Amino acid sequence: MSINDDSDLFWAGLNEGRLLFQTCRACGAHRFPFRMSCSRCGSFEKDLTESKGCGFVYSYTVVERPLLPGFDEPYTVVLVEVDEGVRYLGLYAGDVDPSQLIGSRVRARLNPDQRVPVSFAPEGN
C-alpha cells in the first residue's frame, strides 16, 4: 500500500504500534484498505478502529523468486482475516509447512521501520 491522503492515517497508526482499519459511521461496515468513501453505502463519514491483530490465515502464496532484492527466498506471504473482519497482507513469520496454514490462527507483528511493515506469526508466539 502506498502512502497517500487516504492511507496516511494507517501508516501513522503503524508508527504508533496500532493496526488500523476504517469503520463507516453510516452503515458500520469495516474496510481496509483505506478509501475515501464506503463501498457499501457511499458515505464519506468514517472512524478509525484499531484491530487486535489476531485472526486466521485466509490464503497464502510462497514466493520462490523475489522481484526485489533483500528478501531471503523462498518466503511466504499470507492474507489474514482478523477477528474484526478485515483482511491484511503480510509476511508469515513461522515454521509451519505452508500447506498447513489455511485456517491457522495468527497474530500480527508490526514492523513500521522495516521493509515489510506487517508480519504474522502463529498465535501464542
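For clarity, every value in this text was computed on a predicted model and none was experimentally measured. (Residues numbered from 1 in each chain as written. Predicted model: local features only at pLDDT ≥ 70, side-chain atom pairs only at ≥ 80, totals over all residues. Heavy atoms only, no water.)

Quick notes on the packing of aromatic side chains
Centre-to-centre distance and the angle between the planes together describe a pair of aromatic rings. All told, the structure shown has 6 aromatic pairs when counted by the stated rule. Between Phe-32 and Tyr-88, the ring centres sit 4.5 Å apart and the planes meet at 45 degrees, which makes this aromatic pair tilted. Of the two residues, Phe-32 sits in the loop between strand E2 (30-31) and strand E3 (46-51) while Tyr-88 sits in strand E6 (residues 87-92), which places them 56 residues apart along the sequence. Among the residues examined, Tyr-88 registers a relative accessible area of 2% and is labelled buried. Taken together, the ring pairs in this structure connect Phe-10, Trp-11, Phe-32, Phe-34 and Tyr-88 into an aromatic cluster. Lying across the ring of Tyr-58, Arg-87 places its NZ or CZ 3.5 Å from the centre. (Phe/Tyr/Trp six-rings, centres within 6.5 Å; stacked < 30°, edge-to-face > 60°. Helix = DSSP H or I, 4+ residues; strand = E, 2+ residues; numbered from the N terminus. Buried < 20%, exposed > 50% of the residue type's maximum accessible area, 1.4 Å probe, protein only. Lys NZ or Arg CZ within 6 Å of the ring centre and 35° of its normal.)

Digging into the domain arrangement of the protein chain
Along its sequence, the protein chain is organised into domain 1 (5-50) and domain 2 (54-122). The C-alpha centroid of domain 2 is placed 21 Å from the C-alpha centroid of domain 1. In this assembly, 13 residues from domain 1 lie in contact with 9 residues from domain 2. In this assembly, domain 1 packs against domain 2 so that about 910 Å² is buried in total across both faces, 77% of it on carbon and sulfur atoms. At the surface where domain 1 touches domain 2, the tally comes to 2 residue pairs in polar contact (both at pLDDT 80 or more). (Domains from an automatic or database assignment. Contact = heavy atoms within 4.5 Å. Buried area = accessible area lost by both parts, 1.4 Å probe. Polar contact = N/O pair within 3.5 Å; in protein donor to acceptor, adjacent residues only side chain to side chain.)

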